[in-house]
Amino acid sequence: MRRQTRRILFFVIAILVGLAAGVIYGWEVNPVQYADAAPDKLRMDYKTDVVLMAAELYHAEKDTDAAISRLAYVGDAPPLDIVEKAINFAERNNYAPEDMQLMWHLASAVDSTLTDLE
Amino acid sequence: MIKLDDTQEVRNTSEPAEKRGAWYLLTGMILGLILGLVFAWVINPVIYENTTPANLDEGNKDTYRSMIAQVYAATGDFNRAVLRLAVLEDVVPLYALGAQAQRALADGRQQEAWCLALFASALQTSLENVNYTNHPDVVPTQTLPVLNATP
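Listed by partner, the interface residues are 40 residues for chain A and 43 residues for chain B. Summing both sides of the interface, chain A and chain B together bury roughly 3800 Å²; the carbon and sulfur share of this comes to 65%. On the chain A side of the contact with chain B, Arg7, Trp27 and Tyr73 of chain A bury the most area, a combined 16% of that side's loss. Taken together, the connections running from chain A to chain B amount to 4 salt bridges.

Before going further, it helps to examine the packing of aromatic side chains. Residue and element names in this part refer to chain B. Scanning the model with the defined rule gives 8 aromatic pairs over all chains in all. For the ring pair Tyr72 and Phe119, a centre distance of 5.2 Å and an interplane angle of 40 degrees mean the geometry is tilted. You can see Tyr72 sitting in helix α4 (residues 58-75) and its partner Phe119 sitting in helix α7 (residues 110-134), a full 47 residues away along the chain. Residue class for Phe119 comes out buried when judged on its relative accessible area of 0%. Note on Phe78 and Phe119: the rings are 6.2 Å apart at their centroids and 70 degrees apart in plane angle, and the pair reads as edge-to-face. Of the two residues, Phe78 is situated in helix α5 (residues 78-86) and Phe119 in helix α7; the sequence distance between them amounts to 41 residues.

Residues and elements named next belong to chain B. Burial in α5 covers these residues: Phe78, Ala81, Arg84 and Leu85. One side of α5 holds all its buried residues, which, seen down the axis, span an arc of 125 degrees. Of the exposed residues in α5, those oriented more than 90 degrees away from the buried face are Asn79 and Leu83. For α5, the side-chain oxygen to backbone nitrogen distance between the N-cap and Arg80 is 3.2 Å, and the N-cap itself is Asp77.

Right, let's get into the side chain of Thr64 of chain A. Residue and element names in this part refer to chain A. Mapped onto the secondary structure, Thr64 falls in helix α3 (residues 64-71). You can call Thr64 buried: its relative accessible area is 14%. When residues no more than four places from it in sequence are discounted, the contact partners of Thr64 are Tyr58, Ala109, Val110 and Thr113.

Working definition: two side chains of opposite charge can pair if their charged atoms are close together. Enumeration according to the criterion identifies 12 salt bridges over all chains in this entry. Of the charged contacts, one joins Glu56 of chain A and Arg84 of chain B as a salt bridge, the two residues approaching to 2.9 Å between their closest N and O atoms. On the criterion of chain membership, the pair formed by Glu56 of chain A in helix α2 (residues 44-61) and Arg84 of chain B in helix α5 is interchain, its members lying in two chains. Exposure remark for Glu56 of chain A: the relative accessible area of 6% places this residue in the buried category. We classify Arg84 of chain B as buried; its relative accessible area is 5%. The salt bridge involving Asp107 of chain B is made with Arg109 of chain B; its shortest N-O contact spans 2.8 Å.

A few words on unusual backbone geometry. What is expected of a backbone is that most residues other than glycine have negative phi and most peptide bonds are trans. Even without being glycine, Lys62 of chain A reaches a positive phi, approximately 60 degrees. Considering the arrangement of structural elements, one finds Lys62 of chain A in the loop between α2 and α3. Of note, the phi angle at Glu89 of chain B is positive, near 55 degrees, even though the residue is not glycine.

Bringing the side chain of Arg65 of chain B into the picture now. Residues and elements named next belong to chain B. Turning to its location among the elements, Arg65 is positioned in helix α4. Residue classification places Arg65 among the buried residues on the basis of a relative accessible area of 3%. Of note is the side chain of Arg65, whose polar atom sits 2.8 Å from the side chain of Gln100. Setting aside residues up to four positions removed in sequence, Arg65 forms contacts with Leu85, Leu88, Asp90, Ala96, Leu97, Gln100 and Leu116.

Scored by pLDDT, chain B has a mean of 80; 71% of the residues are at 70 or more. The complex prediction reports pTM at 0.69, with the ipTM value standing at 0.76.

Thresholds applied
Residues numbered from 1 in each chain as written. Chains lettered and ligands numbered in written order. Predicted model: local features only at pLDDT ≥ 70, side-chain atom pairs only at ≥ 80, totals over all residues. Heavy atoms only, no water. Contact = heavy atoms within 4.5 Å. Buried area = accessible area lost by both parts, 1.4 Å probe. Salt bridge = Lys/Arg side-chain N within 4 Å of Asp/Glu carboxyl O. Phe/Tyr/Trp six-rings, centres within 6.5 Å; stacked < 30°, edge-to-face > 60°. Helix = DSSP H or I, 4+ residues; strand = E, 2+ residues; numbered from the N terminus. Buried < 20%, exposed > 50% of the residue type's maximum accessible area, 1.4 Å probe, protein only. Arc of directions from axis to C-beta. Polar contact = N/O pair within 3.5 Å; in protein donor to acceptor, adjacent residues only side chain to side chain. pLDDT = per-residue confidence, 0-100.

Written as structure tokens, this is what we have:
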């Protein structure tokens, strides 16, 4: 009886060791690679670049609706929040002043359009 | 007098149990390993929050590529467009642009197709210039058969 209890205890310990090894391997060594990610999972610098592209196109087209639909590409958040987050990131990372200005213009246009809608 | 058959009945039962020891531990570890992998890969996999455009699905890559081409068409900033295109890690960027331009044209999105074709054209020109400036002694491929002197 005592031997059987010890065997069960060691069996459970072996399972736990294997479980830990499996989780470490599955999370750290060889995690699942997602090849089909959505744009809202993009790193912040890439999101900021998308916002900058939307700002560059807005500067050329002056089409706020198109700009808002382009901003929706990077997530479901309100468009003004998306632009403000991008501006904050750009400020922290010393983007060129002309790029900052483009994004500020876009933020202003989006803000006034959304205010008009309300 | 002891019979031979009687002595054969005597067995030491504790010895096989000791020998089996390592196998049940290995079974437990393998079972745990399988459970751990199922948990780590299926039930609760790692979710990357900070991915790159190269990991986007094809539809979103097309949207990203199209935006790059439209910005290039609007601003003419070729170097920035090339840097942006590079993050998509297309195997042959020129082919990706051309194929997408054709798809856009087939779907009736002529403005988008024009932007993509414009950028593809600029990229092709740039690649040709780079090839010739980096290798000034490159000779175009000989397409005609070499003439042999006839007697």
